[in-house]
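Coordinate inspection notes
What follows is each chain in one-letter form.
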Amino acid sequence: MDHTHHHHDHDHAHHHDGEEDGHQHDHQHHLQGKFRFAILLTTFVFGVELVGGILSNSLALLSDAAHVFSDSLSLIMSWLAIYLSTRPATSSRTYGYHRTEVFAAFINGVSLIAISGWIFYEAVQRFMEPEPVKSKEMLVVAIFGFVANMVIVWLFHGEGHKNLNVRSAVLHVIGDALASVGVIVGGVVIYYTSWFIVDPILSCAIGLVVLIGAVRVTKEAVHILLEGSPKHADAQKVAACISTIDAVKDVHDMHIWSLCSNYLALSTHVSIAEDASKSSHELRQEINNKLQTQFGIFHTTIQIEQPGCPHEGHLLCNAPHH
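Summary of the structure given here. The residue count restarts for each chain, going from 1 along the sequence in the order it is written. Local features are withheld for residues below a pLDDT of 70 in this predicted model, meaning they are given only at 70 or higher, and side-chain atom pairs are given and counted only at 80 or more; totals for whole chains, interfaces and linings count all residues. The side-chain figures draw on all heavy atoms in the structure; neither hydrogens nor water molecules are used.

What follows covers the overall build of the protein chain. Secondary structure elements are taken from DSSP: a helix is a run of H or I of four residues or more, a strand is a run of E of two residues or more, and numbering for both begins at the N terminus. Counting secondary structure elements, the protein chain contains eight helices and four strands. Helices (α) and strands (β) of the protein chain occur, in sequence order from the N terminus, as β-α-α-α-α-α-α-α-β-β-α-β. Exposed residues in this analysis have more than 50% of their type's maximum accessible area, buried residues have under 20%, and partly exposed residues fall in between, with area computed by a 1.4 Å probe over protein chains only. Counting over 322 residues, the protein chain shows a buried share of 44%. The contact criterion used is simple: two residues touch if any of their non-hydrogen atoms lie within 4.5 Å. For the protein chain, long-range pairs separated by at least 24 residues make up 77% of all intrachain contacts whose partners lie at least 6 apart in sequence. Roughly 17000 Å² of accessible area belongs to the protein chain as shown, and the carbon and sulfur atoms make up 63% of that amount. For the accessible areas, the method is Shrake-Rupley and the probe is 1.4 Å, while residue cover comes only from the protein chains on display.

Encoded structure:
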């Protein structure tokens, strides 16, 4: 197909004035500092709970350690995403390093599915023959874990509403604080009643939370790695939105994909009526405004065409591989 008469354009809607850019850069650094502290603290809690779990023979504590391990990884990934978003693209990696976050999420998810499998296996063994648990050690370590989690929640207070990434990391930490409360209650029950069966019951509950989170993360990572359209911006919805503009006759050859969890890109061909009063530049601006406000898509390549392209009427490109 001859594209000589078509107008190409690559629009980026990353316009900040210098002052706002500087402010944002400072905030990024400030946020990265918070993440570094939170990662160090959760990694320390993980170490304490792992050793505490082994010493007190508490499977619930070990399960909570697995939960903390997942928190630590999710914090590392959120930090990585913020760090990578400030890194420039290179000629061999034209998107920069955004996909690293998704790849890390995939490995995190798969490893946690395996860990939760181990938790369930161990819990079944303990249901059959309950093992004694040192409840005092279990209590002390669980209280320490709870306090550390609350410190992190307090640290990120107010950051979440601006950043989906931060919000998901904080939710992980809140989930872990609740798991720690469960272990504290379990420790108290065992201390007063010596019902050691409470330990595997708790570990099953925590294992289930870890498993659900791991499956969700893995599915999302695989969806992004397979270039799936984001849930809120599927191609039909986006095309319908673009088609509401008067001059637009047809939208085709559309691709929408995520680079990482909060960075979307789109490319599409748009046929316009021959008597369209708007210039193609004005039209592109109008399309980009719609995409940004309604779908949060800032990275677009839009090709404006006169009617008569052989692909018209086909929203998705089904061209064979050459």
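A few words now on the pattern of salt bridges. Between side chains of opposite charge, pairing is possible as soon as their charged atoms come close. In the sections that follow, a salt bridge refers to a side-chain nitrogen of Lys or Arg positioned within 4 Å of a carboxyl oxygen of Asp or Glu. If you walk through the whole model with that rule in mind, you get two salt bridges. Linking Arg 126 and Glu 131 is a salt bridge whose minimum nitrogen-to-oxygen distance equals 3.7 Å. Accessibility expressed as a relative area gives 6% for Arg 126, which makes it buried. A relative accessible area of 33% means that Glu 131 is categorised as partly exposed. Taking the shortest distance from any N to any O, the salt bridge between Asp 199 and Arg 126 comes out at 3.0 Å. Taken as a pair, Asp 199 in helix H6 (residues 198-225) and Arg 126 in helix H3 (residues 99-128) lie far apart in primary sequence, 73 residues in all. As far as burial versus exposure is concerned, Asp 199 and Arg 126 are alike and both buried. Through salt bridges with shared partners, a single ionic network connects Arg 126, Glu 131 and Asp 199.

Further remarks concern the packing of aromatic side chains. In this description, an aromatic ring pair is defined by two values, namely the gap between the centres and the angle between the planes. The aromatic pairing rule takes the rings of Phe, Tyr and Trp, using the six-membered ring of Trp, and pairs them if the centres are within 6.5 Å, calling planes under 30 degrees apart stacked, those over 60 edge-to-face and the rest tilted. Counted according to the given criterion, the structure contains five aromatic pairs. With a centroid separation of 5.8 Å and an interplanar angle of 85 degrees, the aromatic rings of Phe 44 and Phe 144 are classed as edge-to-face. Separated by 100 residues along the polypeptide, Phe 44 in helix H1 (residues 18-56) and Phe 144 in helix H4 (residues 135-155) bring together distant segments of the chain. Taking 5.1 Å as the distance between ring centres and 85 degrees as the angle between the ring planes, the aromatic pair formed by Tyr 191 and Tyr 192 counts as edge-to-face.

Right, let's get into the nonpolar core. What makes a nonpolar core is a set of buried Ala, Val, Leu, Ile, Met, Phe, Trp, Tyr and Cys residues whose side-chain atoms join them at distances within 4.5 Å. Within the largest apolar cluster, 23 residues are counted, with the highest numbers of intra-cluster contacts made by Val 238, Ile 242 and Met 254. If one sorts the elements of this core by residue count, helix H7 (residues 235-243) sits on top with five residues. Excluding residues that lie within four positions of it along the chain, Val 238 makes contacts with Ala 233, Met 254, Ile 256, Leu 266, Leu 291 and Phe 295. Formed by 18 residues, the second largest nonpolar core is a distinct cluster that contains Ala 38, Leu 41, Val 68 and Val 170.

This part is about the pairing of strand E3 (residues 263-272). With 10 of its 10 residues buried, E3 lies for the most part within the structure. Of the two faces of E3, the one lined by Tyr 263, Ala 265, Ser 267, His 269 and Ser 271 and the one lined by Leu 264, Leu 266, Thr 268, Val 270 and Ile 272 are each fully buried. In this sheet, E3 lies alongside strand E2 (residues 248-260) in antiparallel orientation, the contact comprising nine bridges. Directly across from Trp 257, in E3, lies its bridge partner Ala 265. When E3 meets strand E4 (residues 299-305), the two strands line up parallel, connected through seven bridges. Note that in E4 the partner of His 269 across the bridge is Gln 303. DSSP bridges decide pairing: two strands pair if at least two such bridges lie between them.

Now for the environment of Ser 70. Within the secondary structure, Ser 70 sits in helix H2 (residues 59-85). You can call Ser 70 buried: its relative accessible area is 5%. Considering only alpha carbons, one finds Ser 70 and Gly 109, 39 residues apart in sequence, at a separation of 8.6 Å. When neighbours within four sequence positions are excluded, Ser 70 is seen to be in contact with Asn 108, Leu 112 and His 172.

Another point: the environment of Leu 41. Position of Leu 41 among the secondary structure elements: in helix H1. The class for Leu 41 is buried, based on a relative accessible area of 18%. Considering only alpha carbons, one finds Leu 41 and Gly 145, 104 residues apart in sequence, at a separation of 9.8 Å. With sequence-adjacent residues up to four places away left out, Leu 41 is seen in contact with Ala 148, Val 151 and Ile 152.

Excluding any residue in a salt bridge, patches collect residues exceeding 30% relative accessible area, merging like charges within 9 Å and nonpolar Val, Leu, Ile, Met, Phe, Trp and Tyr side chains within 5 Å. On the surface, Phe 37, Ile 143, Val 147, Val 151 and Trp 154 cluster together into a nonpolar patch covering about 500 Å² of accessible area. The biggest single contributor to the nonpolar patch is H4, with four residues. Tracing the backbone shows Phe 37 in helix H1. Take Phe 37: its relative accessible area is 43%, and that puts it in the partly exposed class.

Right, let's talk about the packing of H2 against H4 for a bit. Only the stretch in contact is used when fitting a helix axis, every axis being a line fitted to C-alpha atoms; angles between N-to-C directions are given from 0 to 180 degrees. The interhelical angle for the contact between H2 and H4, taken along N-to-C directions, is 20 degrees, at an axis separation of 11 Å. What the angle tells us is that H2 and H4 run roughly parallel. Remark: the crossing between H2 and H4 carries left-handed chirality. Touching Ala 60, Leu 61 and Asp 71 of H2 are Met 138, Val 141, Ala 142 and Asn 149, all from H4. In these notes the angle categories are as follows: under 35 degrees is roughly parallel, over 145 is roughly antiparallel, 65 to 115 is roughly perpendicular, and the rest is oblique. Two helices that cross are described as forming a left-handed crossing if the nearer one is turned anticlockwise from the farther one by less than a right angle, and a right-handed crossing if clockwise.

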